[in-house]
Amino acid sequence: MATKNSTLLNKRVYQGEDGNVSKEGFSYTLASAQIGDVINGLKFPAGTKATGVEYINAALGTNVTLDVKLGSTTLVSGLPCAAAGKGYIPVADVLTTDNALFSLVVGGGAATGAVTFRLVYESLGNL
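Residues numbered from 1 in each chain as written. Predicted model: local features only at pLDDT ≥ 70, side-chain atom pairs only at ≥ 80, totals over all residues. Heavy atoms only, no water.

### What about the sheet that holds strand S1 (residues 3-5)?
Strands pair in a sheet through their backbones, by hydrogen bonds, and they do so in one of two ways: parallel or antiparallel.
Okay, so step 1: If you walk across this open sheet you meet the five strands as S1-S3-S8-S5-S6, and the pairing is mixed. Looking at strand neighbours, the two that pair on one side only are S1 and strand S6 (73-80), the edges of this open sheet. Across the sheet, the mean angle separating the axes of adjacent strands is 25° when strand polarity is ignored.
Okay, so step 2: For strand S3 (residues 38-44) and strand S8 (residues 100-107), the ladder comprises six bridges, and the chain directions are antiparallel. For Val38, the partnering residue across the bridge sits in S8 and is Val105. (Pairing = 2+ DSSP bridges. Helix = DSSP H or I, 4+ residues; strand = E, 2+ residues; numbered from the N terminus. Axes fitted to C-alpha atoms, helices over the stretch in contact; angles between N-to-C directions.)

Pasting the structure below:
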């Protein structure tokens, strides 16, 4: 299992007025990523409430799935990515309490191709 970081990993995310809905995302091109490989996209500070995930993916390979995580919480489990796709998935509210990584975990098979993932969130401020 390998861990890879997006070029945006340390980019600051927008933390505007309390309660505003925002989106921050990252793109990454997978090159023969293996089952269990982790792609770290962005860090979200304490007081971020995740409400949804937007995604666009190329056809990544036979049986490929992605788990979408925020910190230790899985927002989306087993998103099928063998065929190209895009969509929006609402998630149960998840509130960060520290710098939480928005990340992907490869499952189902070796993955090759481009993905874009955006977290839809509200800034609730410091807790």
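### Re the sheet that holds strand S2 (residues 21-33)
Okay, so step 1: Read from one edge to the other, the open sheet built from four strands follows the order S2-S9-S4-S7, with strand pairing classed as antiparallel. One side of each edge strand has no neighbouring strand; the edge strands of this open sheet are S2 and strand S7 (85-95). When strand polarity is set aside, the average angle formed by the axes of neighbouring strands in this sheet is 20°.
Okay, so step 2: Inspection of the sheet shows S2 paired to strand S9 (residues 111-123) by 11 bridges, in the antiparallel sense. Of the residues in S9, the one forming a bridge with Gly25 is Arg118.

### With respect to the nonpolar core
Among soluble globular proteins, nonpolar side chains are generally buried collectively.
Okay, so step 1: Grouped together as the largest cluster of nonpolar side chains are 30 residues, with contacts concentrated most on Leu70, Leu75, Phe102, Phe117 and Leu119.
Okay, so step 2: Elements supplying a minimum of two residues to this core: S2, S3, strand S4 (48-57), strand S5 (65-70), S6, S7, S8 and S9.
Okay, so step 3: In contact with Leu75, not counting residues within four places along its chain, are Val53, Val68, Lys69, Leu70, Val91, Val94, Phe102 and Leu119. (Core = buried A, V, L, I, M, F, W, Y, C linked by side-chain atoms within 4.5 Å. Buried < 20%, exposed > 50% of the residue type's maximum accessible area, 1.4 Å probe, protein only. Contact = heavy atoms within 4.5 Å.)

Shape descriptors only; they carry no functional weight alone.
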